[in-house]
Each structure stands twice: as structure tokens, then as C-alpha cells.
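Secondary and tertiary structure notes
Given next are the chains, with one letter for each unit.
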Amino acid sequence: MIAAGVLCLFLCLDKMLHTWAASSSLTTQDFHTWRIPVDCVRANELCAAEPSCSSRYRTLRQCVAGRDRNTMLANKECQAALEVLQESPLYDCHCKRGMKKELLCLQIYWSIHLGLTGGEEFYEASPYEPVTSRLTDIFRLASIVSGMDSTANAKSNHCLDAAKACNLNDNCKRLRSSYISICNKEISSTERCNRRKCHKALRQFFDRVPHEYTYRLLFCSCRDQACAERRRQTIVPHCSYEDKEKPNCLELRSLCRSDPLCRSRLADFHTNCQASFQSLTSCPGDNYQACLGSYAGLIGLDMTPNYVDSSTANLVVSPSCSCRGSGNMEEECEKFLKDFMENPCLRNAIQAFGNGTDRPLPPIQHITLPPKMETSTYDANDSNTIYDTGVTTTSASIQKSLTTDMIPEQKTFVDTNGSGIRPAVPGTLFALPLLLLIVAL
């Protein structure tokens, strides 16, 4: 009798565990299929095909319209909509730069993320996919397409060389000529140009022309004032940048955030250029390319940045705004402005491109920290000079040393089946009935 009872128990446990494993696997699979990261246009289509998601999304859009976040969250229906949408494809969706429906994608992104965050954060996450390319690729391409090495002759006018290289490419020449013509066209004695058309032409140039041309025009290195002034004039500043009276920076930021495209590009700039003291280059992920791309992405919008003067001794860029009249928000305004004017990541990235000195970091190695770390001789004050390539270049051995010495041992467990976190097979539970049987016998 005891043996029969134990055998029955074994069969019941076996059936129960198989049922549990199957249902757990199905739930995990369905969840991850639903949450696979997609662009926001596709995420919107997936949400529309699911009745619960679709209705909650419509509810959230009504909640966001004309209400502040606290009022919205006080409404139970709005709160329920948020909870459902945080488990939908819309929550993890992103947009691709230059995609066919980029503006629609960005509008969808902010329609849900403004509801989640309230839209009052100083820094907002970028809606764009992360940049994985490096400046090294652009240096190589720039050398090939121009037929010259911009670092070969230190006395040459690199900005003039960049203009010549652009003229050798039909697409670059056509779009550059177009924005120069539009931005220099005087409307009347009181209106120097049509800024809206000028901005649109500039966006087309920087969005449609390969970086090996646009970056060379925008970030060329200069050793004399004539070269630096040519660089400053790249975006025809009297039309695209300069104002008779500079607006307050916080007012300009508020204006920018009212437009989905400008808001997205500004968030992208903060994501990729925000100074990081945990990286060798002061840039997030040590990625100069991502920072320069997000900077260029602001040109042709309300937040258009530019060089503040034609100085060769001090590299300073800024949007056309000031912190006058900030009142009790002056500290926040100054912080916003410093992200452009006193940003070591942005400065190092511009210098790196101008000098052609970018080097990819070696792969991160997960090793145990040594008992004693060597002291680096790196001097942070070197970053104050424009032409000191020591700021933006290090030998491979120093990079490897700094990288491996500062990163503790990490162990990563990967589910090779791609189904996310997977419960372990409870093998010990299968052995338990057998043990009971032996004891009973």
C-alpha cells in the first residue's frame, strides 16, 4: 500500500510539474513576443490590433491633452491606461533617424512618454535608437571621397578643403548651394531672410548628405581666424542663428519642446553629449560619433547651435540665447547653457574629429580588480587647448589599462533560446518521490 501511494504521488507530481513548465514557457514566450522593441509606427499598429491596448491608448491621449501630470494621475481611468500601456510595445518603442515616417514616429513616442513622465524633466531620454558607429569609419570615408588626408598638411585651411570636397559630390554641392541661396535671400529692408525656409533647407542638408561631408564642414579644425570664421559661417548664421535680441534659454527650450522633432533632437543631444565622468573621453559610452550626430541634428531647429565667435584659442558653441530674465530659474538656465558652452564631451568630440584622432576603445574585459591601482598621469587641464591631441588620444595600452582597472568582475548569464529569464528545471523535485519510495521499502 505504501509503495502504491508513493507511486501515485510520483505520477501526480510529474504531471503537475510538466503542466507548470509548459504554461510558464508559454507565458514567457508570449510576453517577450509582445514586448520585442520596434519602431513606434509599428508599435502603434500592434497596439491598434489589440482591443485592450487600443482603447487604453485612446484614453491616455485624452488624459494627456490639456491636463498636468498630477491631475491626470488623480483620475483612476487615466492611471489604469498608463498601467496597461507600460506592458505594451509602445512603452519600449524607438525611432530611426531619417526613417520615412520619422515625424509620425516621434509624435507617437511623445504621446505616451509625456504621459509617463509629465514632460517636466531637465533631461529627457532620446526617442532614437542608439548610435553604434564610430568616427573612425567617417575618417576613412572622408579620406577616400576627398582624395586627400585632412591631417597631412597642418598649415592648410581644413574648412576650405571641406568645401572643395563637398563640391566634388553632386548631392552635397546641390543641397549646400540650395541652403546658402535660401538663407542669403533678403526678403525686405526689415527682414533679412526667411528663417523658416532657411532652417528647412539646413535640415535637408544635414539629414541627407553623408557625414563624411557635413562633419568636415561643421567640425573642421582651424589654426587661423580666417578658417575659424569660415567654420562659423557654415550655417549662414545671420539667418539661421542670430537674433536682434537673444531669447531666454528656458523660453527657447520650452518653445523647442512644443515641437516633436525639436524636442526629440534636444533629448538626443542630452543623451549622447551629457558629460560623463565615468568614461575616458567624458562622453557616454566613449562615443564621439553619437555626440556629434546629435549636435548636428539640432541645426535647422529653434535650438540651432553654432560657434559663438571665430576664435582659434577657445572652442565655444551655444544656441542663440541667454539667461537674462530667468528670475528664480537662473540656476537651471545656467545649467542648461553650460551643457553647450562648457561641455567637455562635446568639446573633445569636435576636437577629435577636427584632428582626425578618434580611436575606438578596446573591448571591455571582465576581470577581477587588482589589489592596487596605478595612478594615471592624465591631466584634465589639457582639455583647455584646442590643438592638444593628447586630450582626445591615448595609446592602446593606456586605454586598456584604464578600462580594465576600473571595471570589476562581472558574470553574465545569457538565455541562448532568446526567451528572456527562464525558470530552472526543478530536478531535485523529480528525485524526491524516488527517495520516498526507497525509504518506504
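Anything mentioned here points back to the structure above.
Sequence positions are assigned chain by chain, starting from 1 and proceeding in written order. Confidence filtering applies because this is a predicted model: local features only for residues at pLDDT of at least 70, side-chain atom pairs given and counted only at 80 or more, and all residues used for totals across whole chains, interfaces and linings. Side-chain figures throughout are based on the complete set of non-hydrogen atoms in the structure, without hydrogens or water.

**With respect to unusual backbone geometry**
How we decide: Segments assigned H or I by DSSP are reported as helices when at least four residues long, segments assigned E as strands when at least two residues long, and all are numbered from the N terminus. When a residue's accessible area, from a 1.4 Å probe over protein chains only, is under 20% of the maximum for its type it is buried; when over 50% it is exposed; and in between it is partly exposed.
Phi is positive for Val 236, close to 50°, though the residue is something other than glycine. The topology assignment puts Val 236 in the loop between α13 (225-232) and α14 (237-240). Overall, Val 236 belongs to the buried group, its relative accessible area being 5%. Even without a glycine there, the phi angle at Ser 282 is positive, about 75°. Judged by relative accessible area, Ser 282 falls into the buried class, the value being 15%.

**Quick word on the nonpolar core**
The cut-off we apply is this: Note on terminology: a nonpolar core comprises buried Ala, Val, Leu, Ile, Met, Phe, Trp, Tyr and Cys residues joined through side-chain atoms within 4.5 Å.
Among the nonpolar cores identified, the biggest contains 82 residues, and Phe 205, Phe 219 and Met 303 are the most heavily contacted of them. Cys 220, Cys 222, Cys 227 and Ala 228 belong to the second largest nonpolar core, which has five residues in total.

**Here we look at a positive patch on the surface**
So the rule is basically this: Only residues whose relative accessible area exceeds 30% and that take part in no salt bridge are eligible for patches, with like-charged residues grouped when within 9 Å of each other and nonpolar side chains (Val, Leu, Ile, Met, Phe, Trp, Tyr) grouped when within 5 Å. Throughout, the Shrake-Rupley method with a 1.4 Å probe supplies accessible areas, and for residues the shown protein chains are the sole cover considered. A carboxyl oxygen of Asp or Glu within 4 Å of a side-chain nitrogen of Lys or Arg is what we treat as a salt bridge. When charges are counted, Lys and Arg are positive and Asp and Glu negative, with His and the chain ends excluded. Working definition for charges: the position is that of NZ of Lys, CZ of Arg, CG of Asp or CD of Glu.
Together, Arg 174, Lys 185, Arg 196, Lys 197, Lys 200 and Arg 208 give the surface a local cluster of positive charge. A per-element tally of the positive patch places helix α11 (residues 195-208) first, with four residues. Mapped onto the elements, Arg 196 comes out in helix α11.

**A word on the state of the cysteines**
Test applied: Disulfides are defined as pairs of cysteine sulfur atoms found within 2.5 Å of each other.
Under the counting rule described, the total for this entry stands at 13 disulfides. The disulfide partner of Cys 159 is Cys 220, and the S-S distance across this bridge is 1.9 Å. Since a negative S-S torsion denotes a left-handed disulfide, the Cys 159-Cys 220 link at about 95° is right-handed. Note that Cys 159 is positioned in helix α9 (residues 158-167) and Cys 220 in the loop between α12 (211-218) and α13, a separation of 61 residues in sequence.

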